[in-house]
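Analysis of the macromolecular model
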Amino acid sequence: MISFERLKSEYERNWANLEIRPGRLAEANAVARKALNGKATYQQIERLTGVPWPFAALCHYRESNFDFDTYLGNGESLHRVTTIVPKGRGPFATFVDGAVDAFRIQNFIGAHDWCIARMLFRLEAFNGFGYHAKGVNSPYLYGGSTLYGPPEARAGKFVRDHVFDTNHVDSQLGTAVILHAMMALDSSITLDGSPQFAGRTEPEDDAASTVILMQQALNRLGANPPLAEDGISGPKTRAAVSLFQQQNGLRDTGLLDAATVAAITRAMQQPGPAGQTGDLSQILKRLEDLAQVLRPPASGAMLPAIVPSNTLPATNDPVSLFERLFALINKTAPVPGPVAPTSPAPVDQLKQVVDLLSTLLNNGGGKPMLGQVNGALGETIGKLLDGKKTALGIGGSVLTALLSSVPATPNASGIAGLLGTIVSAVPGLGQFAMPISLALAVWGVLGKMEKWAQGTAPPPRVTT
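Attention here is on the structure that accompanies the text. As the structure is a prediction and not an experimental result, all values here were calculated from the model. (Residues numbered from 1 in each chain as written. Predicted model: local features only at pLDDT ≥ 70, side-chain atom pairs only at ≥ 80, totals over all residues. Heavy atoms only, no water.)

Moving on to the overall build of the protein. Scanning the protein for helices and strands turns up 20 helices and two strands. Expressed as a percentage of its 464 residues, the buried residues of the protein come to 43%. Taking all contacts inside the protein whose residues are at least 6 apart in sequence as the whole, residues at least 24 apart take part in 63%. With an accessible surface of roughly 24200 Å², the protein has 58% of that area assigned to carbon and sulfur atoms. (Helix = DSSP H or I, 4+ residues; strand = E, 2+ residues; numbered from the N terminus. Buried < 20%, exposed > 50% of the residue type's maximum accessible area, 1.4 Å probe, protein only. Contact = heavy atoms within 4.5 Å. Areas by Shrake-Rupley, 256 points an atom, 1.4 Å probe, with all protein chains shown as cover.)

Apart from glycine, the bulk of residues carry a negative phi angle, and the bulk of peptide bonds sit in the trans form. Following valine 85, the chain continues into proline 86 via a peptide bond in cis, with omega recorded as -5°. Residue proline 225 is bonded to the preceding asparagine 224 through a cis peptide linkage, with omega at 5°. Tracing the backbone shows proline 225 in the loop between α10 (203-220) and α11 (235-247). Of note in this structure, asparagine 65 is not a glycine but carries a positive phi near 55°. Located in the positive-phi region is phenylalanine 66, a residue other than glycine, with phi close to 65°.

A few words on helix α1 (residues 4-17). Its 14 residues place the ends of α1 19 Å apart at the C-alpha level, agreeing with the 20 Å of an ideal helix rising 1.5 Å per residue. Residues of α1 that are buried in the fold lie against α6 (116-127), α7 (130-133), α8 (139-142) and α9 (175-185). (Expected span 1.5 Å × (residues − 1).)

For the rest of this paragraph, the subject is the pairing of strand β1 (residues 157-160). Relative to strand β2 (residues 163-165), β1 runs antiparallel, the two being bridged by three bridges. Its bridge partner lying in β2, lysine 157 is registered against aspartate 165. Hairpin connection of β1 to β2: two residues between the antiparallel strands, including histidine 162 at a positive phi of 70°. (Pairing = 2+ DSSP bridges.)

Another point: the nonpolar core. Grouped together as the largest cluster of nonpolar side chains are 64 residues, with contacts concentrated most on Tyr11, Phe55, Phe103, Leu120, Tyr142 and Met182. Put simply, the parts of the chain that give this core at least two residues each are α1, α2 (25-37), α3 (39-49), α4 (53-64), α5 (95-105), α6, α8 and α9. With sequence-adjacent residues up to four places away left out, methionine 182 is seen in contact with Ala32, Ala35, Leu36, Trp53, Pro54, Ala57, Leu58 and Ile189. Ala223, Ala263, Ala267 and Met268 belong to the second largest nonpolar core, which has 12 residues in total. (Core = buried A, V, L, I, M, F, W, Y, C linked by side-chain atoms within 4.5 Å.)

Throughout the structure, instances matching the rule amount to nine salt bridges. One salt bridge connects aspartate 186 with lysine 39, and the closest N-O pair in it is separated by 3.1 Å. Taken together, the residues span a long stretch of sequence, with aspartate 186 in the loop between α9 and α10 and lysine 39 in helix α3 at a distance of 147 residues. Lysine 39 gets classed as partly exposed once you look at its relative accessible area, which sits at 22%. Where arginine 104 meets aspartate 101, a salt bridge forms, and the shortest distance between an N and an O atom there is 3.1 Å. Pair noted here: arginine 104 and aspartate 101 are both in helix α5, with a separation of three residues, about one helical turn. Taking the relative accessible area as the measure of exposure, arginine 104 reaches 45% and is therefore partly exposed. Classification of aspartate 101 by relative accessible area gives buried; the value is 9%. (Salt bridge = Lys/Arg side-chain N within 4 Å of Asp/Glu carboxyl O.)

Two numbers describe how α3 lies on α5: the axes approach to 10 Å, and their chain directions differ by 45°. The angle between α3 and α5 falls in the class oblique. Two packed elements cross with a definite hand, and for α3 against α5 that hand is right-handed. Every residue of α5 that contacts α3 at Thr41, Tyr42, Gln44, Ile45, Leu48 and Thr49 is listed here: Phe95, Val96, Ala99, Val100 and Phe103. When its residues are assigned to classes, the contact of α3 with α5 shows eight nonpolar, three polar and no charged. (Axes fitted to C-alpha atoms, helices over the stretch in contact; angles between N-to-C directions. Parallel < 35°, antiparallel > 145°, perpendicular 65-115°, else oblique. Left-handed = near helix turned anticlockwise from the far one by under 90°. Nonpolar A, V, L, I, M, F, W, Y, C, P; charged D, E, K, R; others polar.)

Taken as a whole, this structure holds 15 aromatic pairs when the rule is applied. The structure contains a cluster of three or more aromatic residues connected by ring pairs, namely Phe4, Tyr11, Phe121 and Phe129. (Phe/Tyr/Trp six-rings, centres within 6.5 Å; stacked < 30°, edge-to-face > 60°.)

What follows deals with the side chain of serine 242. For serine 242, the location among the structural elements is in helix α11. Given the relative accessible area of 3%, serine 242 is considered buried. One polar contact links serine 242 to lysine 87, side chain to side chain, over a distance of 2.8 Å. For serine 242, the residues in contact, after removing those within four places along its chain, are Val85, Lys87, Asp252 and Gly254. (Polar contact = N/O pair within 3.5 Å; in protein donor to acceptor, adjacent residues only side chain to side chain.)

This part is about the packing of α4 against α9. Running from N to C, α4 and α9 point in directions that differ by 130°, and their axes come no closer than 10 Å. Looking at the two axes, α4 sits oblique to α9. Taken as a pair, α4 and α9 cross one another with a handedness that is right-handed. Of the residues in α9, those touching α4 at Trp53, Pro54, Ala57, Leu58, Tyr61 and Arg62 are Thr175, Ile178, Leu179 and Met182.

For the rest of this paragraph, the subject is the side chain of arginine 238. Tracing the sequence through the fold places arginine 238 in helix α11. An unpaired buried charge is present at arginine 238: no salt bridge exists, and glutamate 63, the closest side chain of opposite charge, is 8.8 Å distant. Leaving out residues up to four positions away in the same chain, arginine 238 has contacts with Val85, Pro86, Ile105, Gln106, Ser233, Gly254 and Leu255. (Lys, Arg positive; Asp, Glu negative; His and termini not counted.)

The periodicity of an α-helix, 3.6 residues per turn, causes residues three or four places apart in sequence to face the same way. The terminal C-alpha atoms of α2 lie 18 Å apart, and with 13 residues this matches the ideal 18 Å at 1.5 Å per residue to within 8%. Along α2, the positions that sit buried rather than exposed are Ala28, Asn29, Val31, Ala32 and Ala35. Looking straight down α2, one finds that the buried residues subtend no more than 165° of arc, so they occupy a single side. Exposed residues lying more than 90 degrees from the buried face of α2 are Ala26 and Asn37. Contacts made by the buried residues of α2 are with α3, α4 and α9. (Arc of directions from axis to C-beta.)

As structure tokens, then:
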């Protein structure tokens with residue numbers, strides 16, 4: 001996992017050993033002078049954000065070669081909404097306005113530690129930490145120095161997304177090289193940026209735990225290429241977030257805003273390989289097929305060896321599932337004799353549902369001895385749940401399905417907003433609650449079949 005504490009000594013060592021290649025010194029000084037020419041503007045940004053002005057200058061160099069008509073976050077025009085990550089920013093009236101926005105979404109505002117190691121860590125985070133995995137010093141920092149490229153050091157460059165060329169040498173000067181040249185030309189630049197209070201965490205450190213969880217979730221949802229679960233919202237993570245937002249109807253920014261975090265959390269609770277909850281309709285099909293096997297036809301004819309699967313389409317619509325669960329229970333009820341086919345009115349159907357629930361929840365006296373199904377739960381728990389397992393299982397399944405159907409959106413209000421808050425506050429709700437509820441419902445069905453076989457089931461209520 002990438003962390004500042006793990007890399008701190010490496011940054012300090014590299015800074016102490018940094019030497020600008022003689023053939024690149026004149027170029028480095030020329031770039032440093034351009035940075036110093038914009039000092040007044042960068043100092044204005046420092047007054048608004050607390051970010052040291054040399055850091056703003058270095059970001060400006062790498063993102064747009066000191067063009068003050070661009071957005072500091074990605075080098076696009078200030079006068080249009082940005083179309084690459086971070087997307088949807090602007091337009092901005094001034095370069096300073098755009099720079100403040102860029103530093104805000106990077107969690108740099110409010111930071112206290114601006115020592116050289118932390119500054120180099122933040123600069124590299126702008127570009128990503130992929131070079132560490134290749135055993136190469138990042139040219140984003142060290143290009144033009146003896147720390148990058150032959151004969152003193154290893155070469156290599158990501159020539160395009162996810163493609164690393166071990167022989168390619170980045171020709172652009174690194175930010176650490178430019179900073180070294182700036183300090184030689186302007187003695188007022190100091191790097192005494194240690195935090196005033198030891199142990200204080202920086203803003204990006206506070207956000208790292210959330211970023212790690214989202215990276216893990218995106219990987220389980222099929223991020224390609226897989227993300228490094230490092231807590232750094234770098235280019236690859238932002239690209240994966242952007243793709244998720246596009247696929248789920250969210251505002252495409254590439255940023256882990258509150259709505260996106262909620263949506264990713266919701267996606268992990270959905271049926272499928274990532275959420276591990278399975279398609280509930282498939283479970284119902286298995287139960288419906290089982291009911292056909294256990295219940296012989298009224299004519300006494302032999303059932304086929306293989307019972308065809310239910311042809312109802314797969315669905316997780318809570319209303320449809322609710323209807324099919326009740327239909328499954330009703331199909332397993334014993335029929336004392338031939339019954340003429342009827343088409344009950346909606347009111348009669350509602351009465352049947354109410355009577356069914358009343359019967360299931362009835363815990364009156366005179367219960368017979370527990371059968372094997374309830375007895376497997378033990379005497380105390382078996383009696384406690386006797387006659388209630390099916391209702392509790394159905395109720396839990398429906399409630400979980402309803403909660404899982406609540407859309408994740410920061411704009412929801414009323415009951416939808418309340419339920420959305422509950423679901424977001426309990427990650428993995430469907431993953432654990434739904435299998436337990438369905439298992440309880442199935443156990444209840446088996447218990448009732450056992451009672452019907454023994455003739456100990458309560459008689460059906462007469463409806464009028």
